[in-house]
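# Analysis of the macromolecular model
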Protein chains: 2
Amino acid sequence: MLIADLSESELIARVQTRLPQAPDWLVVGIGDDGAVIEAGRNRLEVLTVDALVEGIHFDRRFTPPAAIGHRALAVNLSDLAAMGAEPRWALLSLVLPPALPFEDFDGIIDGLATLARRHRLHVVGGNLTRSPGPLMLDITAAGSVKRRQVLQRSGAKPGDLVFVTGTIGAAAAGLEMLAAGADVVDACADRYLHPVPRVREGLLLARNRAATACMDLSDGLADGVRQIAASSGVGITIDAETLPIDDATRHWFERRAGNAIVPAATGGDDYELIFTVRPNRAGRLKALRLHGGAPITKIGVCTEERHVILRSGTVDSPMPKGYKHFG
Amino acid sequence: MLIADLSESELIARVQTRLPQAPDWLVVGIGDDGAVIEAGRNRLEVLTVDALVEGIHFDRRFTPPAAIGHRALAVNLSDLAAMGAEPRWALLSLVLPPALPFEDFDGIIDGLATLARRHRLHVVGGNLTRSPGPLMLDITAAGSVKRRQVLQRSGAKPGDLVFVTGTIGAAAAGLEMLAAGADVVDACADRYLHPVPRVREGLLLARNRAATACMDLSDGLADGVRQIAASSGVGITIDAETLPIDDATRHWFERRAGNAIVPAATGGDDYELIFTVRPNRAGRLKALRLHGGAPITKIGVCTEERHVILRSGTVDSPMPKGYKHFG
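Fair warning: this is a prediction, and the values are worked out from it, not measured in the lab.

## A word on the pairing of strand β7 (residues 161–165) of chain B
All names here are of chain B. Counting buried residues in β7 gives five out of five residues, a clear majority hidden from the surface. Residues L161, F163 and T165 point to one face of β7 and V162 and V164 to the other, with burial holding for every one of them. Where β7 and strand β10 (residues 273–277) come together, four bridges link them in antiparallel fashion. Within the sheet, the bridge partner assigned to F163 lies in β10 and is F275. For β7 and strand β11 (residues 296–303), the ladder comprises five bridges, and the chain directions are antiparallel. Across the sheet, residue T165 finds its bridge partner in β11, namely I296.

## A look at the pattern of salt bridges
For the structure shown, the criterion picks out 29 salt bridges over all chains. A salt bridge links R191 of chain B to E272 of chain B, with the nearest nitrogen and oxygen atoms 3.1 Å apart. Of the two residues, R191 of chain B is situated in helix α5 (residues 187–193) and E272 of chain B in the loop between α9 (261–266) and β10; the sequence distance between them amounts to 81 residues. A relative accessible area of 21% places R191 of chain B in the partly exposed class. Here R311 of chain B and D316 of chain B are joined by a salt bridge, their closest N and O atoms 2.8 Å apart. On the basis of relative accessibility, which here comes to 36%, the residue R311 of chain B falls in the partly exposed class. A residue is classified by how much of its surface remains accessible, and D316 of chain B, at 39% relative accessible area, is partly exposed. Linked through salt bridges whose partners overlap, the residues forming this network are R14, R18, D106 and D110 of chain A.

## Looking at the pairing of strand β4 (residues 86–96) of chain A
All names here are of chain A. Counting buried residues along β4, ten of its eleven residues qualify, which places the element largely inside the surrounding structure. The pairing of β4 with strand β6 (residues 136–145) spans nine bridges and is antiparallel. Its bridge partner lying in β6, L91 is registered against T140. Note: β4 against strand β5 (residues 122–130), eight bridges, orientation parallel. When the bridges of β5 are listed, V95 appears paired with T129. What joins β4 to β5 is helix α3 (residues 102–118), and the crossover it makes is right-handed.

## Description of the interface of chain A and chain B
How big an interface is tends to be reported as the loss of accessible area on association of its parts. Tallying the contact residues gives 59 residues for chain A and 59 residues for chain B. Interface area, chain A with chain B, both sides summed: about 5,200 Å², of which 60% is carbon and sulfur. For the interface between chain A and chain B, the tally reads six salt bridges. For the salt bridge of R153 of chain A with D33 of chain B, the shortest nitrogen-to-oxygen distance reads 3.2 Å. Counting across the interface, chain A meets chain B through 17 residue pairs in polar contact (both at pLDDT 80 or more). No other element matches the nine residues that strand β3 (residues 44–53) of chain A contributes to the side of chain A that touches chain B. When the residues that make up the side of chain A that touches chain B are grouped by side-chain class, the tally is 33 nonpolar, 13 polar and 13 charged.

Calculation rules
- Residues numbered from 1 in each chain as written.
- Chains lettered and ligands numbered in written order.
- Predicted model: local features only at pLDDT ≥ 70, side-chain atom pairs only at ≥ 80, totals over all residues.
- Heavy atoms only, no water.
- Buried < 20%, exposed > 50% of the residue type's maximum accessible area, 1.4 Å probe, protein only.
- Helix = DSSP H or I, 4+ residues; strand = E, 2+ residues; numbered from the N terminus.
- Pairing = 2+ DSSP bridges.
- Salt bridge = Lys/Arg side-chain N within 4 Å of Asp/Glu carboxyl O.
- Right-handed = clockwise from strand over helix to strand, strands pointing away.
- Contact = heavy atoms within 4.5 Å.
- Buried area = accessible area lost by both parts, 1.4 Å probe.
- Polar contact = N/O pair within 3.5 Å; in protein donor to acceptor, adjacent residues only side chain to side chain.
- Nonpolar A, V, L, I, M, F, W, Y, C, P; charged D, E, K, R; others polar.

Here is the structure:
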């Protein structure tokens, strides 16, 4: 059966059965002209929106429905993490081809709802509409944060150390493997299909006020380094040898491109956090290590001179250009 | 020049120059992983999201860019109005074909920004991405409302009177005229291209607590009547003769369909408010009339028996089915 055989209200009912019980701050939920919520007391609200578009951000031939739902929400959770916010609510706007099988619809919602539950994010409303072509998921998410704990891109100072969570490049390698028809059980493919937003790490960084600047690597490490440098008005030198790249990713890129550094640093979809820390506060990062978060790696330093450099041994090159959206 | 010739950051800069100065409750604006805002004190937040999809909700051949931007925001403002909320912020998610001329991009943003300014709504962030096909605008908007003033669909009781703002059917007639290549300066076409969200009327209804239930007519009067009846657990009888239909709309539908009532009652895109009022509070509607809002018309009554009826003279028929999204 296709979703064209169901009415809009039947589809909404299918979403609702997949959501956990409403939290007490939700005053009016799904079914009215808008959702009504109570804001968190003495908290700021962090807002983000991201669209996942078939043919641009995913290919239905090798992305299972649950992974589509997971990824659509993960990109938003990653943005909240990068601001140090605790996830709170989301609105789902789904633009659906009428020929979508309703098992796929259910799968998308299940993937999304499972990730939402893990991070105590509640879907408070949304919109369903037909698509004349591609499948699209546009998700707005909000989190709450104390005023003094907001993480921004703009606070890095010369001398600050640069860190990254987890490893880079695996999702980009995984996407290449999937597109090439390689075995989808590979760990890299899973990094692409089921990225883990670093929500806990973002919260810990915000709470112990270790980071001077932070952002997530949705468009790759090279882009992230450039953005933090530009927003903060500093230069950054990244030590290529220290970049955390796992063996499977390194092997894939070396075979494909002869070199793993540039493709791993410019590949998108990592959803790791990059952040800067004043040297005398680097000890505070122990908290992240103690709480079983992702591993963190020191990869560079902020400089007075405003160049963004990739250093390999004694050779400095300009940081390669990152992933580009338009054009 | 096409938007494909501009970078994402150049496009964002073009949006920013078209927005008014940031309000003082905006802590972090465009340019970080998320926007950060302060919630209104002692106020609930009303949230809504709506997508406008090329080929489903508009046709670029006869919808000028500024009208596309206007309509995308108007549908959201109309939802806020229906909940009695004062508009506050919006996030714009734009999915754009790379071959879009950048004059059209500017036109869309101008149409949207002009309407936002009129209702003191501030665009705090958003997302830009490429489309493999249709142009899409997905807007999330939020407003604030006092807890005791939230307007819902579910409060109507038997005996309550049913009112509607403005006139119905004009936008549907206007869309037919535009699609048929009729003169676009017609008032009906303008009702389709530039719907006026009833923000002030919604606020007045909420503040003087006149309405027991309220919603907006995005999918037509017939759908609105059914929704209020279903949410409130009442029947509703609408008096066909009292339906406010302007002369141009009546004339168009009578020539096309031999009858104006059914097409005007089932046509979408009205963005008027339908609401119910306890008879002993009907006097409070004077405030709406005094403040120069849209005209309001009594069109029916809520009943104990749960039928939704269209009464023409002495003949009762079931309310025709409204606009349908899927299938």
